[in-house]
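Inside the fold
So the chains spell out like this:
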Amino acid sequence: MMGRLLLIGALLAPVAAAADVAAALKSTCEGVAKKYDVSCSMALYGRSGGTTLDATSSAGFIDGGLGLGTKAVPASDDDVYVYGSITKMFTASAIYQLAREAASASATRSHPYEAWKAFDQAAAAKGTLSKASKFVDAGPCDAFTPVKGFMEQRRGPTIEVSDALYGLEGIVTNASLADMTYWGDGRFAWYGAGTFDLAFSATYFPDYGFTLAVATNAEMEAQAQPGDARACVGFHAVLAALGLGPALECAFVVPRGRRFMGTCECKNATALP
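Counting restarts for each chain: residues are numbered from 1 in the order of the written sequence. Predicted model: local features are reported for residues with pLDDT of at least 70 only, side-chain atom pairs are reported and counted for 80 or more only, and whole-chain, interface and lining totals are derived from all residues. Side-chain metrics in this entry use all non-hydrogen atoms of the structure; hydrogen atoms and water are not considered.

In the nomenclature of an unreviewed UniProt entry, the protein chain is known as Beta-lactamase of Aureococcus anophagefferens.

Right, dumping it as structure tokens:
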């Protein structure tokens, strides 16, 4: 009888952990939406110990943010968000693919490579990412998604950018990958060919086997909300839910005049008043 109870407990443990993780994700997204006045959609995927992690959560409103909009449409897990600078990775990969085709066509005197205007950007993504993403060649963003975008300007008022236009071995060769991830030196030693070195604001945590992703409908001067949700509050909340770390109260702090680049500052939640 005792052995049976222990077995049942072992079977229930991963389920309880997954539920705790989902609750941590929900709490994180709600906190980010309230703190920054943005919409928030988060996804967690991976496997930690015996627990399969596959959860999503959303909070805030997709028609309002940064003090603008009506705030009548709540964010949902199915919302499609307009990408920001992350599109540079797709564009750079696509350019390297076309360059490889051009070199191959020239060497064999075969048909010309595909023109950029007609190039399918989805070809620069693989697997789930390709299926989950919409690649827009032109036209207003609101023609493809109801999620409105808002941008905080360093000089001037906050503006709505929902009508912005979009332009035009694996995914790339090892040589192309070397170009894309060569950071160089000097002021921009964290920026390769269409690729950022965002190790300070991690999305994939190899030591724990899971990935955290976040989308918000705002572009801010400090742009602290993604790092806050992913690599700070969300990361520590998930660890605590899995029993791999203490309950902490954290915040992602970006020094004035910087962007993205900040530090996660945490306090022991049990010691807080």
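So, about a nonpolar patch on the surface. Together, Tyr83, Ile86 and Met89 make up a nonpolar patch on the protein surface, roughly 240 Å² of accessible area in all. In this text, helices come from DSSP runs of H or I with a minimum length of four residues, and strands from runs of E with a minimum of two, each type numbered from the N-terminal end. Tracing the backbone shows isoleucine 86 in the loop between strand 4 (68–69) and helix 2 (87–108). Overall, the relative accessible area of 39% leaves isoleucine 86 in the partly exposed class. Like charges are joined within 9 Å and nonpolar side chains (Val, Leu, Ile, Met, Phe, Trp, Tyr) within 5 Å, but only among residues with over 30% relative accessible area and no salt bridge; these make up the patches. To be clear on the numbers: accessible area is Shrake-Rupley with a 1.4 Å probe, and residue cover counts the displayed protein chains and nothing else. Any Lys or Arg side-chain nitrogen found within 4 Å of a carboxyl oxygen on Asp or Glu counts as a salt bridge. Exposure classes here rest on a 1.4 Å probe applied to the protein chains alone. A residue is buried below 20% of its type maximum, exposed above 50%, and partly exposed in between.

Our focus in this paragraph is helix 5 (residues 225–241). Two axes are fitted around each residue, one to the seven residues ending there and one to the seven starting there, and the angle between them is reported as the bend at that residue. Largest kink in helix 5: about 45°, centred on glycine 234. Within helix 5, 14 of the 17 residues are buried, which leaves it mostly tucked inside the rest of the structure. Phi turns positive one or two residues past the end of helix 5, at glycine 243, with a value near 75°.

Sheet strands associate in pairs through backbone hydrogen bonding, adopting either a parallel or an antiparallel arrangement. In this description, strands pair whenever DSSP reports at least two bridges between them. Here we have 3 strands laid out as an open sheet, ordered 6-5-9, and mixed in their pairing. At either margin of the open sheet sits one strand with a lone partner, and together these are strand 6 (159–160) and strand 9 (218–219). Two strands pair when backbone bridges link them, and strand 5 (residues 150–151) and strand 9 are joined in this way by 2 bridges, in the parallel orientation. Looking at strand 9, one finds that phenylalanine 150 is bridged to alanine 218.

A few words now on the sheet that holds strand 2 (residues 51–59). Taken in spatial order, the 4 strands make up an open sheet running 2-1-8-7, and their pairing is antiparallel. Only two strands of the sheet have a single neighbouring strand rather than two, namely strand 2 and strand 7 (204–205). With 9 bridges connecting them, strand 1 (residues 40–48) and strand 2 associate as antiparallel partners. Bridging from a neighbouring strand, alanine 43 pairs with threonine 56 of strand 2. A contact between two residues is defined here by any heavy atoms of the two lying within 4.5 Å. Throughout, an axis means a line fitted to C-alpha atoms (over the contacting stretch in the case of helices), and angles, computed between N-to-C directions, take values from 0 to 180 degrees. Relative to the sheet, helix 5 contacts strand 1, strand 7 and strand 8 (210–216), its axis offset from that of strand 8 by approximately 140°.

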